[in-house]
Amino acid sequence: MDNSRPGERLLWGNVAFLVGVPIALMVILPLYIIENGLSAANVIAFVGLWWLTGLSITAGYHRLFSHRAYKGRWPTRLFFAVFGAAACQNSAITWCAAHRYHHRDVDTDGDPYNAKRGFAWSHIGWILVQGPRHDQLDNVPDLWDDPICRWQHQHYWKIVLAVNLGIPLLIGALVGDPVGLVLFAGIARIVVVQHTTFCINSLAHMFGSQPWSDANTARDSWWLSFLTFGEGYHNYHHAFQRDYRNGPIWYNFDPTKWVIWLLSCVGLAKELTRTPHDVVIRRAYEEEVARISAWRSGMSERMEQLAEIAPMNPDYRRLKEKIESHSLIFNKAIIITGAILLAVFIF
C-alpha cells in the first residue's frame, strides 16, 4: 500500500547514512572481530559514549530543550548540545522543532512522525524523505534565543565530526586500536543510539498500556525504558509533557530523571517540574473508571440485544447474572484502585 503524501521526496543522503551504514556494519563488524577480536576498550568506549550521547538526547534535547521540564545552567546546556550533536539526530533546534509539532499535532498528518502511518514511517521513514514541516523551525524561538543552541545549530557538523572521530581516535591511539574504536565507539554506537531513540517514535506508540490517557497512540512500555534511558513511559509523558520524569513512580526505570535530579543537587539544574500527586492520581483514577464504564456499557448493550431476541434464553440469564456480579466487583475495584494509587504516589 502506498503510504506517501504529495510533495514528499527521498533525501538520498539520509538514505545512504541511515540505511547504508547499518547494512555495511553487519558485514564489517563480524569480519573485524574475527580478524582482531573484541577488546575491552572497544566495549567500554561503546557503552560509555552510548550513555553520554543517549542521555544528551533524553535529558538534553527532549526534556530540557523541547519541553522545558527544568532549567539547565550553561555547562549543562553546553554538554548536552555537544554530546547530543554526537548522536547524529540533527541540531537541537531542528530536533526540538519536529518534536514540538509531534506533540501539538500527534497522530495527524501535521505530526512529522505520525504513528498512524505505520511502524516504518514513524521509526525511520519520516527522516528519509522531505516530509511535513521538514524545514519549519518557527516554533522554537526560545532555542534561537539561546546562544548555545544557536552556536550548535550553526556548527553542527563540525561538532559531529570532532566528537565522533576525535574521541574514538584519541582512545584508539592510547590503546593501539584506532580503527576498532572508530568502528565500535563511533559508527556502531551512533547506529544504536539512533535506533533506540527511533523506537520511542514507533514502538512506544504501538505496544504497552495507556493508564494515563487514551487520547492518542502513546503507550507506557516498561521494557522499552531499559533501552531508552527511561523514555518508555511514553503514555505518561504525553499526558504530562512538562514533567521532568517519564517514569513518575519511584520504581520506574528512568535513569534520565535520576541524572536530572543529580544535576539539580549540584546546582547544574533547577526548577524541576513535577506534576502534582493529586493531578496524576485523579487522571489515573478517571481513566480506570472510564475503562470500566465502557466495559459495563458494552455488556449492557449486549444484554439488551439478547433480551429482544429471547428474554428466557439461558445466555441472557447468564449474562445478566454476570453483569450484576461484576458490577459489585468493579465497584470494589474502583475503590481499591484509588487506594493503590494513593499508596504508590504518597509513600
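Bear in mind the structure is a predicted one, so any value in this text is a computation, not a measurement. Each chain has its residues counted from 1, following the order in which its sequence is written. In keeping with the predicted nature of the model, local features appear solely for residues at pLDDT of at least 70, side-chain atom pairs appear and are counted solely at 80 or more, and the whole-chain, interface and lining totals rest on all residues. Heavy atoms throughout the structure, all of them, feed into the side-chain values; hydrogens and water do not.

## Some remarks on the overall build of the protein chain
At step 1: Helix numbering and strand numbering both begin at the N terminus, where a helix is a DSSP run of H or I of at least 4 residues and a strand a DSSP run of E of at least 2. Counting its regular elements, the protein chain contains 14 helices and two strands.
At step 2: Long-range contacts, defined as pairs at least 24 residues apart, comprise 70% of the intrachain contacts of the protein chain with a sequence gap of at least 6.
At step 3: For the protein chain, the accessible surface area stands at approximately 17400 Å², while carbon and sulfur atoms represent 66% of it. The contact definition used throughout considers only heavy atoms, calling two residues in contact when any of these lie within 4.5 Å. Note on areas: Shrake-Rupley with a 1.4 Å probe; residue coverage comes only from the protein chains shown.

## Let's talk about the pattern of salt bridges
At step 1: Salt bridges are identified by distance alone: a Lys or Arg side-chain nitrogen within 4 Å of an Asp or Glu carboxyl oxygen. Overall, the coordinates contain nine salt bridges when judged by the stated rule.
At step 2: In the salt-bridge network here, residues are joined through shared partners; they are Arg63, Glu231 and Asp254.

## Points about the nonpolar core
The tendency in soluble globular proteins is for nonpolar side chains to be buried as a group.
At step 1: In this text, buried Ala, Val, Leu, Ile, Met, Phe, Trp, Tyr and Cys residues form a nonpolar core when linked through side-chain atoms within 4.5 Å. For each residue, the accessible area found with a 1.4 Å probe, counting protein chains only, is set against the maximum for its type, and the residue is called buried under 20%, exposed over 50%, and partly exposed in between. Formed by 47 residues in total, the largest nonpolar core has its most connected members in Tyr61, Phe65, Tyr70, Phe80 and Leu143.
At step 2: In terms of residues, this core owes the most to one element, helix H2 (residues 40–66), which gives ten residues.

## Quick word on helix H8 (residues 156–175)
At step 1: Take the number of residues in a helix, subtract one, and multiply by 1.5 Å to get its expected span. An ideal rise of 1.5 Å per residue puts 28 Å on 20 residues; H8 measures up with 29 Å between its terminal C-alpha atoms.
At step 2: Restricting attention to buried positions, one finds in H8 the residues Tyr156, Ile159, Val160, Val163, Asn164, Pro168 and Gly172.
At step 3: Residues of H8 that are buried sit in contact with H2, helix H3 (74–85), helix H7 (147–154) and helix H9 (178–202).

## Some remarks on a nonpolar patch on the surface
At step 1: On the surface, a nonpolar cluster with roughly 730 Å² of combined accessible area is contributed by Phe119, Met206, Phe207, Trp222, Trp223, Phe226 and Leu227.
At step 2: As for its position among the elements, Trp222 is in helix H10 (residues 222–225).
At step 3: Judged by its relative accessible area of 58%, Trp222 is exposed. Surface patches are drawn from residues lacking salt bridges whose relative accessible area is over 30%; two like charges belong together within 9 Å, two nonpolar side chains (Val, Leu, Ile, Met, Phe, Trp, Tyr) within 5 Å.

## Description of the layout of surface pockets
At step 1: Computed from the structure, the largest pocket encloses a volume of approximately 870 Å³.
At step 2: Lining the largest pocket are 44 residues; nearest its centre among them are Gln89, Asn90, Trp95, Trp126 and Ile127.
At step 3: Contributing elements (two or more residues each) for the lining of the largest pocket: helix H1 (12–36), H2, helix H4 (92–104), helix H5 (119–128), H8 and H9.
At step 4: Ranked by residues supplied to the lining of the largest pocket, first place goes to H9 with seven residues.
At step 5: Amino acids outside the nonpolar list (Ala, Val, Leu, Ile, Met, Phe, Trp, Tyr, Cys, Pro) and the charged list (Asp, Glu, Lys, Arg) are all regarded as polar, and Gly is one of them. Of the residues in the lining of the largest pocket, the class split is 23 nonpolar, 18 polar and three charged. For cavity detection a 1 Å grid was placed over the protein atoms alone, and a set of points counts as a cavity when a 1.4 Å probe fits there but cannot get out; an open set counts as a pocket when protein lies on both sides within 12 Å along at least five of seven lines, with lining residues being those that have an atom within 4 Å of a point. Grid points are joined across faces, edges and corners, and a volume is the space filled by probe spheres set on the points.

## Considering unusual backbone geometry
At step 1: In this model, Cys88 sits at a positive phi of 55°, which is unusual for a non-glycine residue.
At step 2: Residue position: Cys88 is located in the loop between H3 and H4.
At step 3: Its identity as a non-glycine residue notwithstanding, Glu271 has a phi of 55°, on the positive side.
At step 4: Position of Glu271 among the secondary structure elements: in the loop between strand E2 (269–270) and helix H13 (277–309).

## Things to note about the state of the cysteines
Where two cysteines share a covalent bond between their sulfur atoms, that bond is called a disulfide.
At step 1: Two cysteine sulfurs form what is called a disulfide whenever their separation falls within 2.5 Å. A complete count under the given rule lists zero disulfides for this structure.
At step 2: There is no disulfide at Cys96, and the cysteine sulfur nearest it, in Cys149, is 7.0 Å away.
At step 3: Given the relative accessible area of 0%, Cys96 is considered buried.

## What to know about the packing of aromatic side chains
At step 1: To pair, rings of Phe, Tyr and Trp, with the six-membered ring standing in for Trp, must have centres within 6.5 Å; the planes then decide the type, stacked if under 30 degrees apart, edge-to-face if over 60, and tilted in the middle. For the structure shown, the criterion picks out 16 aromatic pairs.
At step 2: Where Phe79 meets Phe80, the ring centres are 5.9 Å apart and the plane angle is 70°; that geometry is what we call edge-to-face.
At step 3: The partly exposed category is assigned to Phe79, whose relative accessible area is 35%.
At step 4: A relative accessible area of 5% means that Phe80 is categorised as buried.
At step 5: On the numbers, 5.4 Å between centres and 90° between planes, the contact of Trp250 with Tyr251 is edge-to-face. There is no split in this pair, since Trp250 and Tyr251 are both exposed.
At step 6: Here the aromatic cluster, defined as three or more aromatic residues joined through ring pairs, consists of Phe46, Trp50, Trp51 and Phe229.
At step 7: Counted as over-ring charges are cases with an Arg CZ or a Lys NZ within 6 Å of the ring centre that also lie within 35 degrees of the ring normal. Taking the ring centre of Trp121 as reference, the NZ or CZ of Arg117 above it sits at 3.6 Å.

## Here's the deal with the environment of Ile200
At step 1: By the element assignment, Ile200 lies in helix H9.
At step 2: Residue Ile200 is classed as buried on the basis of its relative accessible area of 8%.
At step 3: What Ile200 contacts, discounting residues up to four positions off in sequence, is His205, Leu224, Thr228, Glu231, Gly232 and His234.

## Here we look at H1
At step 1: Taking 1.5 Å of rise per residue, 25 residues should cover 36 Å, and H1 covers 33 Å from first to last C-alpha, within 8% of that figure.
At step 2: For H1, the set of buried residues is Val15, Leu18, Pro22, Leu25, Leu29 and Tyr32.
At step 3: Those residues of H1 hidden inside the fold are in contact with H2, H5 and H9.
At step 4: Immediately downstream of H1, the backbone of Gly37 shows phi near 80°, a positive value.

Remember that the coordinates give geometry; whether it matters functionally is a separate question.
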